[in-house]
Amino acid sequence: MTKVCTTALVILMAGPAQSDDRRSGFEFMGPTTQSMQTDDMANPGMLAVLAGERLWNEPAGLSEQSCQTCHGDPEGEMRGVAARYPAFDEVAGTAVDISGRVNLCRTRHQRADPLPHENADLLALVTLIGLQSRGLPIQPDPDPRLTEWRARGEAYYETRVGQLNLSCAQCHDENAGGHLGGAPIPEAHPTGYPIYRLEWQAMGSLQRRLRGCFTGVRSEPWPYGSDGYIALEAYLMQRAAGMTMETPAVRP
Amino acid sequence: MADVLVNIPESAAPGEIIEIKLLISHPMETGFRPLADGTLQPRDIITSVRCLYGGETVLEVDLHPAISANPFLAFHLRVDRSDEIVLEWTDWYGEVQREVRQIEVV
Amino acid sequence: MTLTRRSTFALGLGLPLMLVTRPLFASPETMGAAIATFTAGATPAEGRVSLDIPLLVENGNSVPMTVEVDSPMTANDHVTEIAVFNERNPLPDIVRFRPSPALGLARFQVRIRLGDTQKITAIARMSDGSLWSAAMTVIVTAPACIES
């Protein structure tokens, strides 16, 4: 698979984003893309929710149990969960994001194989869970074992990488609101994941979105599922604490 | 069976013009997308959508590869009686899928 | 931060690659031929058709398009067919609508793919055989970072 980053012909500079004035990627989109997100009858992400509802009730693995068997309706126990993740899993002894958590339920509780990264069924379940936090503020898990993960995420965020030798912060803090080619540079808030990205013509996870930014600066992205992504996700969620969840978001 | 979102009001006043929305989960493969081995991903699109109101065809739409993945269609219909509204679409392989809704006109 | 000329240039290098993945086969000529087939050689009058597409598109993979025809949609006076064409996608056809007067309103919304900045033409055929058209040019900006 070749990865290319196109058309940074002009980069317009803009003032730094104020920390008390954080803006979701939604604010950087045109009105038609915004209404594609806000109208549930027009948002392609709602198709993933539909698929997720179907899968939620399907028994899987040797346990022959469905998510529903243990968790009941998604509207109940899953409310606010996505707004709190990544979280630390005691048994696995590591931090996991929602996709990782769903796969823990598959292997540990359903005794099924884990679903591959970016698998449509996995994205559908995670989108359904994310929808149960839509409209709620991001509330990072206070578990102190996550502190170190967030610190690592912040360090990655500030580190220059790739042939272009740019850090996340250089684009998303110092140049947020500017343009890269025709595309506005947003503030990198993970409020809407999984998203329906027009470029992908499909749903994708925050990890997939981050990989796009790595390739954008000509840096080899880490493999899916790497701890580095979980650390970045944990930091980005902390950085966006209090902002409103909007899963399933639409992005260009 | 593709996941599909259909939005048709459950009831309307006689003579009212309602809006109907349809969103179908489908890749709409153009047939022009090159694969790693240099061949092209074969075309796989929804080729047509039809709407029937009380058994009568009120709209036919032909779709081409220039229609986006997960095709979306919104249109209007004047309703004057309670009846069945059917949305029916055909894919590249001739397979037909349909969604049926009842509208109460009071 | 100042992004140097070197870095912007490097980002721009991907452009020719992207064009490979988005073949542009149609041309104003093939669009003209497709239109001539639809109109049987007649020249549509301008008017009665309106095309609503954002002037500046964020991603050519999914561009909302509304086409509306000014018509009473009665048994005696209605639109029988609307065809929408483009000049730079691989094929000139985008979509065709064949409404019956029962719709009451000839307004349709779909999302379309536009591989590049180009002209879109919509032509409506009325029940009296007359042809009407509208055209507009849509500017497509490329997304910043893509995987292909």
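For the structure itself, consult the block above.
As the structure is a prediction and not an experimental result, all values here were calculated from the model.

With respect to the nonpolar core
Inside soluble globular proteins, nonpolar side chains tend to come together where they are buried.
Thinking step 1. Residues I18(B), F75(B), L77(B), I85(B), V95(C), F97(C) and F108(C) are the most contacted members of the largest nonpolar core, which totals 58 residues.
Thinking step 2. In contact with F108(C), other than residues within four places in its own chain, are L59(B), A74(B), F75(B), M65(C), T66(C), V67(C), I82(C), F97(C), P99(C) and L103(C).
Thinking step 3. With 35 residues, the next largest nonpolar core counts V81(A), A124(A), I129(A) and M237(A) among its residues.

Examining the sheet that holds strand β6 (residues 72–79) of chain B
Thinking step 1. Read across the open sheet, the 6 strands follow the order β1(B)-β3(B)-β6(B)-β7(C)-β4(C)-β2(C); overall the sheet is antiparallel. The open sheet has two edge strands, β1 (4–7) of chain B together with β2 (49–52) of chain C, and neither has a second partner. Strand-to-strand twist across the sheet, computed as the mean angle between neighbouring axes with direction ignored, equals 15°.
Thinking step 2. Bridge analysis of strand β4 (residues 63–69) of chain C against strand β7 (residues 106–112) of chain C gives 7 bridges, and the strand direction is antiparallel. Among the inter-strand pairings, M65(C) is bridged to a residue of β7(C), identified as V110(C).
Thinking step 3. The sheet contacts of helix α2 (residues 45–56) of chain A involve β1 and β3 (16–24) of chain B, and relative to β1(B) the element is tilted by about 110°.

Considering helix α6 (residues 120–131) of chain A
Residues and elements named next belong to chain A.
Thinking step 1. Along its 12 residues, α6 runs 16 Å from first to last C-alpha, staying within 8% of the 16 Å computed at 1.5 Å per residue.
Thinking step 2. By the criterion of burial, α6 is predominantly enclosed, with 10 of the 12 residues buried.
Thinking step 3. Taken together, the buried positions of α6 are occupied by L122, L123, A124, L125, V126, T127, L128, I129, G130 and L131.
Thinking step 4. Close packing links the buried residues of α6 with α2, α3 (67–71), α4 (74–77), α5 (98–109) and β8 (202–204).
Thinking step 5. With a side-chain oxygen positioned 2.7 Å from the backbone nitrogen of D121, the residue opening α6 is N119.

Things to note about the packing of aromatic side chains
Residue and element names in this part refer to chain A.
Thinking step 1. Counting across every chain of the model gives 7 aromatic pairs over all chains.
Thinking step 2. Aromatic pair Y157 and Y235: ring centres 5.3 Å apart, planes at 55°, arrangement tilted. Taken together, the residues span a long stretch of sequence, with Y157 in helix α7 (residues 147–158) and Y235 in helix α10 (residues 227–239) at a distance of 78 residues. The pair Y157 / Y235 is uniform in exposure class, with both members buried.
Thinking step 3. Summarising the aromatic geometry, the rings of F214 and Y229 are spaced 6.3 Å apart at their centres and angled 80° between planes, so their arrangement reads as edge-to-face. Note that F214 is positioned in helix α9 (residues 206–216) and Y229 in helix α10, a separation of 15 residues in sequence.

Brief notes about the interface of chain C and chain B
Thinking step 1. Contacts between chain C and chain B engage 31 residues on the former and 29 residues on the latter.
Thinking step 2. Contact with chain B buries area across many residues of chain C, yet R98(C), R111(C) and R113(C) alone supply 28% of it, more than any other trio.
Thinking step 3. Our count for the contact surface shared by chain C and chain B stands at 2 salt bridges.
Thinking step 4. A salt bridge links R98(C) to D62(B); the shortest N-O distance between them is 2.9 Å.

Concerning the side chain of N103(A)
Thinking step 1. Among the structural elements, N103(A) can be located in helix α5.
Thinking step 2. The class for N103(A) is buried, based on a relative accessible area of 12%.

Considering α9(A)
Residue and element names in this part refer to chain A.
Thinking step 1. For α9, the tally of buried residues reaches 10 of 11 residues, placing the bulk of the element in the interior.
Thinking step 2. Within α9 the residues assigned to the buried category are L206, Q207, R208, R209, L210, R211, G212, F214, T215 and G216.
Thinking step 3. For α9, the side-chain oxygen to backbone nitrogen distance between the N-cap and Q207 is 3.2 Å, and the N-cap itself is S205.
Thinking step 4. With its phi angle positive at about 60°, R218 sits one or two positions after the end of α9.

Overview of the packing of α9(A) against α10(A)
Residues and elements named next belong to chain A.
Thinking step 1. For the pair α9 and α10, the least separation of the axes is 11 Å and the interaxial angle reads 100°. The pairing of α9 with α10 is recorded here as roughly perpendicular in orientation. Residues L206, Q207, L210, R211 and F214 of α9 touch α10, and the partners they reach there are Y229, I230, L232, E233 and L236.
Thinking step 2. Of the residues belonging to the contact of α9 with α10, the class tally is 7 nonpolar, 1 polar and 2 charged.

Cut-offs and rules
Residues numbered from 1 in each chain as written. Chains lettered and ligands numbered in written order. Predicted model: local features only at pLDDT ≥ 70, side-chain atom pairs only at ≥ 80, totals over all residues. Heavy atoms only, no water. Core = buried A, V, L, I, M, F, W, Y, C linked by side-chain atoms within 4.5 Å. Buried < 20%, exposed > 50% of the residue type's maximum accessible area, 1.4 Å probe, protein only. Contact = heavy atoms within 4.5 Å. Pairing = 2+ DSSP bridges. Helix = DSSP H or I, 4+ residues; strand = E, 2+ residues; numbered from the N terminus. Axes fitted to C-alpha atoms, helices over the stretch in contact; angles between N-to-C directions. Expected span 1.5 Å × (residues − 1). Polar contact = N/O pair within 3.5 Å; in protein donor to acceptor, adjacent residues only side chain to side chain. Phe/Tyr/Trp six-rings, centres within 6.5 Å; stacked < 30°, edge-to-face > 60°. Buried area = accessible area lost by both parts, 1.4 Å probe. Salt bridge = Lys/Arg side-chain N within 4 Å of Asp/Glu carboxyl O. Parallel < 35°, antiparallel > 145°, perpendicular 65-115°, else oblique. Nonpolar A, V, L, I, M, F, W, Y, C, P; charged D, E, K, R; others polar.

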